Amino acid sequence: MIPQKLTIEGLYSYQERQSIDFSNLTEAGLFGIFGAVGSGKSSILEAISFALYGETERLNSRDKRAYNMMNLKSNRSYIEFDFINHENKLFRATREYKRNSKNFEDVKPASAVFYEFKNGTWEALDHVNAEGIIGLNYSNFKRTIIIPQGQFKEFLELGAKERTDMMKEIFNLYRFDLQDKVSGLNKKNQTELDQLEGKLSGFETISEEEISAQKDNLIQAKTAQENLKLEFEKVNSHYQQLKNLKSDFELLSKKETDFSELEKNKETIDAKENQLKLYQSTFRVFNDDLKERNRNQNLLKSTEEQLKLVDENWKSLTDNSNRLQKSKEELQPKVDALPKQKILEQDLELLFHIKSDESKLAKNTESTIEGEKFVKEFKSKEEETAAKIQNQEQEISNLKTQLISSATLIEVGEWFSKKQNLTDNLVKEKTNFEANKKSIENLEEKLKKLDAEKLSTEISNLKEEKEKLQNQKNKLEVSRQLSHYSTELQDGKPCPLCGSDHHPSIAVFEDVSNDLEVLEEKLLALNGQLESLEQNAKEAEKITQEKNLISQQGKLLQNSIETIESQISELEKTFIWKDFSKDNFDQFQNRKAENQTKEFQLKTKEKELETFRTELDSIRKKLDKANQRFQEISNENLEFKTKIASNKALLKELNPSDYSEKTASEIQLQLENLKQENQNTETVWNHLISETQEIQVKLSSENTKREQFQKQVSDFNLQLEKIQNQLNENLEKSNFNDLDAVLEILNQNVDEQNIQLEIQNFKIQFETLKNSISELKEKLKDFSFDENQFLESENHFKTKESELAEANKLAIQIAAEITRLEQEFKKKEDLLKEQAALSKRAENLKTMFNLFKGAGFVQYVSSIYLRQLCDHANVRFHRMTRNQLSLQLNDNNDFEIVDFLNEGRSRSVKTLSGGQAFQVSLSLALALAESVQSNAKAEKNFFFIDEGFGTQDVESVNIVFETLMNLQKENRIVGIISHVEELKERMPISLSIEKDEERGSLIQLNS
């Protein structure tokens, strides 16, 4: 997550709206936020956390958070935070809450909206899930990106379980928690096994033997089927012959009956045929002429009606034309007077402009008098302000000559800081060297008391004496054993040494038991002395080794002292500033404070100077504007006088002196009335002319229509006469007496097509049936039909047909059963294979479940990540502690410190000093940030520390600062919050927070 911009208003001590543009800060790689205690430094981080997660470290929802976070002088709190996530997408988080105007302590809950920048615009999101955008919950966000004040050591002091849970979330180690998945797979696998066993229970009767038996049954059934089929074919042949004969006799009887019915209908069909012929002949002769006569009669009637309407319209238009002519004659005198009225209208308009320009001329004269007073007053102010500016510029110039440049102060400050650091280091190293010398002296005193050379001689002498006594003891033990053997020898029994059964001369030995006891007591006492001396020798050797180690450290300290003294000497040679003394740091501090006071005075005077200049510019702009207005008025007056003279010269009928007592408004009213009267006359006259023209056009059109319709009526009458003559001629040729008889026939509802088809079908059916009867009689003349013989053959046929169907059915059933058994047997084989595979998988899943049980695998992976994190942290921790301390994990995954100054022994992290705890916490936090960056695949990583650095000595601060500066080369961005002024001076860029009593906390950029 990389911050881009933060805007806060009405939050804690921030009364006015303040904005931080992080782009310049993050480009520097390292920046700081500085200010006095309580100025509002930590509030910046709280604003970021609250904007993203709605959570703060200081307050929770039970603490009336909204009320307590809002500035007491504000009625609205607003936070707007722009940032880039690990996917390089730009987002904005906003939160706002307002105070109830009627109840001061009632602050409404915050409204939160998140946006994403797409296609050049901010698009609102439908959620406020910062964890999904950044990839961290609030707890881990404040451990890896923004670490609130007082919680820098939280990760270091977390318990093993809490630290493991944090590692799981940050590095997504939940993907290794496969216990539930394996358990689910195991249950699913077992369910499938149980279902498979249930399925297999239905296949117990399925076997290859059963399939073989059914195939034998099928062979037998097919043999019986073939025999029945031959018998059926013989019976079927005889039965079909009798059946066909019966059908022929029954068909002949039916056709004879049908033919008798047709003969009864023949007369009716003949009558319909004669009627149809009469209708068709009449239709051919008369229908076309009658249709044409009806058409012409209808057209004649329609044309006569239209002619009547045209005559009425022509009469109406003639009346209107006469009326318009009379109106024109009445309006003609006014129309003739219009040219003179237009001239009067023009004169009145010129008089109106003359009056208006004279009024404006008088008004401009009054404005000129007032403007002269205004210019005189502001010229006095201009001279006064210019004098103030000159005095202020002289004071600023004097202050600038007294100022020391910031670069010089920084360089001198850094020189004193380096000298102080080197001096402190020198004192520390000399102290360590003296302690080292004292340790060596103490060890030498211990060695002197132990007298190592004397111890070596005594141990050597005792070992020789012990060896002699041991040899004597061995001889005595041999003598005692031989004595034991000799007393046990008997003739006839073999000797245990030589094996002989004969013992002629048995040796006699003295009893050495007392001598052995004396030797053993001496050896026991000698061993005690030797053990005591060897213990002292080991102690002396251990002290010698420790002395050598401390001596080596002393040499390193001596070299370090010489190096530091050399560095101090070289540093003093670089002091080139004549205005300061290299031995007087207090003088530098006083000069620096004086310079800051003068800088403040300079800024104040520069602001006052800017105010005076702004005031002078305003005065001069007003004067310029007044002079410009004077010129404009002069030009306007000249223009008004010219226009007045020009307009008077254009008057034709009216005299200006006649209207001297009238105002411009009165002249304008008279002008408007005259214009309205003239316009009305023109409008009415033009309307009459237009209407007259329209009526003349319409009359011409109506005359044309009348002539056309009259011609059409004449043509239709001639055509009707011609058609009637043709009809009379056809009547004379036909058998009809008049047209009424013809119309009676043609008006009959005759379905010509259907009647024709009915007659045709009857004739075809009649002849077809007659021929068919003749053919059947010829076919059956030599045959006779016996019903009893047919029934006996039919019964025999049905019996054989039923037997054959049963045999076919049996063969099909057996074949189907064989097919079913084979298919089921194949399914059984597949199920058995599947069962074997699932059983094997069940064994594998059981092994995996034991591996992942209790999240053991996740804890194992987490410990690997944690050890890698520890290794990365040690790279910086070793450098900060000069390889004196190291961080490690014990068997319980708890952090421990390895102390190389105490023989590399381990101890609890709780034994660290405040400064050492800060160093190891910073190393861990940086390592954790690096791991998060690597895990998120982000190009850059941002890390914010809210810690005062007050627990660090000067040398440690230098080491920490050097570590933070090196992060720039590693493409990392670090921001720190502190009140330590030395850090502020060494920062490449920073923000200063100042708390104003009236305006609240104010943010200023220092570059």
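Residues numbered from 1 in each chain as written. Predicted model: local features only at pLDDT ≥ 70, side-chain atom pairs only at ≥ 80, totals over all residues. Heavy atoms only, no water.

**A look at the overall build of the protein chain**
Heads up, the condition is: Secondary structure elements follow DSSP: runs of H or I of four or more residues count as helices, runs of E of two or more count as strands, with numbering from the N terminus. Whether a residue is buried, partly exposed or exposed follows from its accessible area with a 1.4 Å probe, protein chains only, as a fraction of its type maximum: under 20%, in between, or over 50%, in that order. Note on contacts: a residue pair qualifies if any of its non-hydrogen atoms lie within 4.5 Å across the two residues. Accessible surface area values rest on a Shrake-Rupley calculation with a 1.4 Å probe, where residue burial reflects the displayed protein chains alone. Only four residue types enter the charge count, namely Lys and Arg as positive and Asp and Glu as negative; His and the chain termini do not. In this description, the location of a charge corresponds to atom NZ of lysine, CZ of arginine, CG of aspartate or CD of glutamate.
Each helix and strand in the protein chain was counted, giving 23 helices and 16 strands. Projected onto the principal axes, the alpha-carbon positions of the protein chain cover approximately 195 × 150 × 50 Å. Counting over 1007 residues, the protein chain shows a buried share of 36%. The contacts in the protein chain between residues at least 6 apart in sequence include a share of 76% that link residues at least 24 apart. Carbon and sulfur atoms form 48% of the exposed surface of the protein chain, whose accessible area is close to 62500 Å². The protein chain carries 143 positive and 177 negative side-chain charges, and their two centres are separated by 4 Å.

**Observations regarding helix 18 (residues 752-779)**
Just so we agree on the cut-off: One less than the number of residues in a helix, times 1.5 Å, gives the span that helix is expected to have.
Between its first and last C-alpha atoms helix 18 spans 41 Å; for 28 residues at 1.5 Å apiece the expected length is 40 Å, and the two agree. Buried residues of helix 18: Ile759, Phe762, Phe766, Leu769, Ser772, Ile773 and Leu776, and no others. Of the surrounding secondary structure, the elements contacted by the buried residues of helix 18 are helix 9 (208-264) and helix 10 (266-336).

**Overview of the UniProt feature "coiled-coil region" (unreviewed entry) in the protein chain**
To be explicit about the condition: UniProt positions are given in the numbering used here, feature names are shortened, and annotations may be inferred rather than shown by experiment.
Mapped onto this numbering, the UniProt entry gives "coiled-coil region" (unreviewed entry) at residues 225-282, 375-402, 426-482, 509-733 and 804-848. Helix makes up 100% of residues 375-402 and strand makes up 0%, while its end C-alpha atoms are separated by 41 Å. Helix makes up 100% of residues 804-848 and strand 0%, with an end-to-end C-alpha separation of 65 Å.

**Regarding the packing of helix 10 against helix 17 (residues 739-746)**
Heads up, the rule is: Axis lines are fitted through C-alpha atoms, for helices just across the contact stretch, and the angle between N-to-C directions can take any value from 0 to 180 degrees. Each angle gets one of four labels, with under 35 degrees taken as roughly parallel, over 145 as roughly antiparallel, 65 to 115 as roughly perpendicular, and the rest as oblique. Crossings are assigned a handedness: left-handed for a near helix turned anticlockwise from the far helix by less than a right angle, right-handed for a clockwise turn.
For the pair helix 10 and helix 17, the least separation of the axes is 10 Å and the interaxial angle reads 110°. Between helix 10 and helix 17, the angle falls in the class roughly perpendicular. The two elements helix 10 and helix 17 cross, and the hand of that crossing is left-handed. Each of Leu278, Tyr279, Thr282, Phe283, Phe286, Leu290 and Arg293 in helix 10 lies in contact with helix 17, whose residues at this interface are Leu739, Val742, Leu743, Ile745 and Leu746.

**A closer look at the pairing of strand 5 (residues 90-100)**
The side chains of a regular strand alternate between the sheet's two faces. Going by this rule: By the convention used here, strands pair only if DSSP detects at least 2 bridges between them.
Here strand 5 lies mainly inside the structure; 8 of its 11 residues are buried. Judged from the 9 bridges that link them, strand 4 (residues 76-84) and strand 5 form a sheet pairing that is antiparallel. Note on strand 5: the bridge partner recorded for Asp82 is Arg92. Two successive antiparallel strands, strand 4 and strand 5, enclose a turn made up of 5 residues, where Asn88 displays a positive phi of approximately 65°. Pairing analysis gives 6 bridges linking strand 5 to strand 7 (residues 111-118), with the strands arranged antiparallel. In the strand pairing of strand 7, Thr94 is matched with Val113. For strand 5 and strand 6 (residues 103-107), the ladder comprises 2 bridges, and the chain directions are antiparallel. Opposite Arg99, over in strand 6, you have Val107 as the bridge partner. If you look at the hairpin formed by strand 5 and strand 6, you'll find 2 residues sitting between the two strands.

**Side note on the packing of aromatic side chains**
Just so we agree on the cut-off: In summary, the pairing rule links any two rings of Phe, Tyr or Trp, Trp by its six-membered ring, whose centres are within 6.5 Å, and it sorts them by plane angle into stacked for under 30 degrees, edge-to-face for over 60 and tilted for everything else. We count a charge as sitting over a ring when the NZ of a lysine or the CZ of an arginine lies within 6 Å of the ring centre and within 35 degrees of the ring normal.
Applying the stated criterion across every chain, the model contains 18 aromatic pairs. Ring centres of Tyr53 and Tyr138 lie 5.7 Å apart, and the angle between their planes is 55°; on these two criteria the pair is classed as tilted. Placement of Tyr53 in helix 2 (residues 41-53) and of Tyr138 in helix 5 (residues 138-144) is noted, with a sequence separation of 85 residues between them. An aromatic cluster of three or more residues is present, and its members are Trp415, Phe416, Phe575, Trp577, Phe580, Phe585 and Phe588. Its end group placed over the ring of Trp122, Arg92 keeps NZ or CZ at 4.2 Å from the ring centre. Note that Arg95 overlies the ring of Phe50, its terminal NZ or CZ placed 5.7 Å from the centroid.

**Some details on the environment of Val750**
Along the chain, the position of Val750 falls in the loop between helix 17 and helix 18. It is 115 Å that separates the C-alpha atoms of Val750 and Asn893, two residues lying 143 residues apart in sequence.

**Considering the sheet that holds strand 11 (residues 895-899)**
Taken together, the 3 strands give an open sheet; going across it, the order is 10-11-12, and neighbouring strands pair in antiparallel fashion. Two strands close off the open sheet at either side, each with one partner strand: strand 10 (885-889) and strand 12 (905-908). For this sheet, the mean inter-axis angle between neighbouring strands, taken without regard to orientation, is 40°. Taken together, the 5 bridges between strand 10 and strand 11 define a ladder with antiparallel strand orientation. Counterpart to Ser886 in the pairing with strand 11 is Val898.

**Some remarks on the nonpolar core**
Under the convention used in this document: As used in this record, nonpolar core signifies buried Ala, Val, Leu, Ile, Met, Phe, Trp, Tyr and Cys residues forming a set joined through side-chain atoms within 4.5 Å.
Counting residues in each nonpolar core, the largest one holds 77 residues, and the members touching the most others are Leu6, Leu52 and Phe895. Counting residues per element, this core draws most heavily on helix 2, at 8 residues. The residues contacting Leu52, other than those within four sequence positions of it, are Phe81, Phe83, Ala93, Arg95, Phe114, Val128, Ala130, Ile134 and Phe141. Membership of the second largest hydrophobic core comes to 21 residues, among which are Ala925, Ala929, Val957 and Val960.

**Considerations on the pattern of salt bridges**
Rules: By salt bridge we mean one thing: a side-chain nitrogen of Lys or Arg within 4 Å of a carboxyl oxygen of Asp or Glu.
A full pass over the atoms with the stated rule returns 36 salt bridges. For Asp319, the salt bridge is made with Lys315, and the minimal N-O distance between the two is 3.9 Å. Here Asp319 and its partner Lys315 are both found in helix 10, 4 residues apart, which amounts to about one turn of the helix. Overall, Asp319 belongs to the partly exposed group, its relative accessible area being 43%. In this structure Lys315 comes out as exposed when scored by relative accessible area, which is 52%. Note that Lys430 and Glu565 form a salt bridge whose closest N and O atoms lie 3.7 Å from each other. Within this pair, whereas Lys430 is found in helix 12 (residues 406-450), its partner Glu565 is found in helix 14 (residues 513-573), the two being separated by 135 residues in sequence. Its relative accessible area of 38% is what places Lys430 among the partly exposed residues. Take Glu565: its relative accessible area is 37%, and that puts it in the partly exposed class. Here the residues in one salt-bridge network are Glu9, Arg17, Arg76 and Glu96, joined through shared partners.

**Some thoughts on the pairing of strand 15 (residues 990-996)**
In this structure, strand 3 (residues 30-35) lies alongside strand 15, joined through 4 bridges in parallel fashion. Paired with Phe34 across the two strands is Ser992, which belongs to strand 15. Sheet analysis places strand 15 next to strand 16 (residues 1000-1006), joined by 7 bridges and oriented antiparallel. Within strand 16, the position partnered with Ser990 by the bridge is Asn1006. Turn length for the strand 15-strand 16 hairpin, with the two strands adjacent in sequence and antiparallel, is 3 residues.

**Quick notes on the side chain of Arg99**
Assignment of secondary structure puts Arg99 in strand 5. Discounting chain neighbours no more than four positions away, the residues touching Arg99 are Tyr67, Met70, Asn71, Leu72, Ser74, Asn75, Phe104, Asp106 and Val107.

**A look at the packing of helix 12 against helix 15 (residues 585-649)**
Put simply, the test is: Three classes are used, and their members are as follows: Ala, Val, Leu, Ile, Met, Phe, Trp, Tyr, Cys and Pro are nonpolar, Asp, Glu, Lys and Arg are charged, and the others, Gly among them, are polar.
One way to put it is that helix 12 packs onto helix 15 with a least axis distance of 11 Å and a crossing angle of 155°. Here helix 12 lies roughly antiparallel to helix 15, going by the angle between them. When you trace helix 12 past helix 15, the crossing you get is left-handed. From helix 12, Ser406, Leu409, Val412, Gly413 and Phe416 reach across to helix 15, where they touch Phe585, Phe588, Lys592, Asn595 and Glu599. A class-by-class count of the residues in the contact of helix 12 with helix 15 yields 5 nonpolar, 3 polar and 2 charged.

**Considerations on the side chain of Thr7**
The condition is simple: Here a polar contact is taken to be a pair of N or O atoms separated by no more than 3.5 Å, where protein atoms must pair a possible hydrogen donor with a possible acceptor and residues adjacent in sequence count only if both atoms sit in side chains.
Position of Thr7 relative to the elements: it lies in strand 1 (residues 2-9). On the accessibility criterion, Thr7 (4% relative accessible area) is buried. Among the polar contacts made by the side chain of Thr7, one reaches the side chain of Ser19 at a distance of 3.2 Å. Those residues in contact with Thr7, other than ones at most four positions away along the chain, are Arg17, Gln18, Ser19, Tyr78, Ile79 and Glu80.

**Comments concerning a negative patch on the surface**
Rules: Note that patches include only residues with greater than 30% relative accessible area and no salt bridge, and the join distances are 9 Å for like charges and 5 Å for nonpolar side chains (Val, Leu, Ile, Met, Phe, Trp, Tyr).
Together, Glu994, Asp996, Glu997 and Glu998 line one region of the surface with negative charge. The class for Glu997 is exposed, based on a relative accessible area of 75%.

**Things to note about unusual backbone geometry**
Positive phi, close to 50°, is recorded for Tyr12, a residue that is not glycine. Tracing the chain through its elements places Tyr12 in the loop between strand 1 and strand 2 (18-21). Despite not being glycine, Asn119 has its phi angle at roughly 50°, a positive value. A relative accessible area of 79% places Asn119 in the exposed class.

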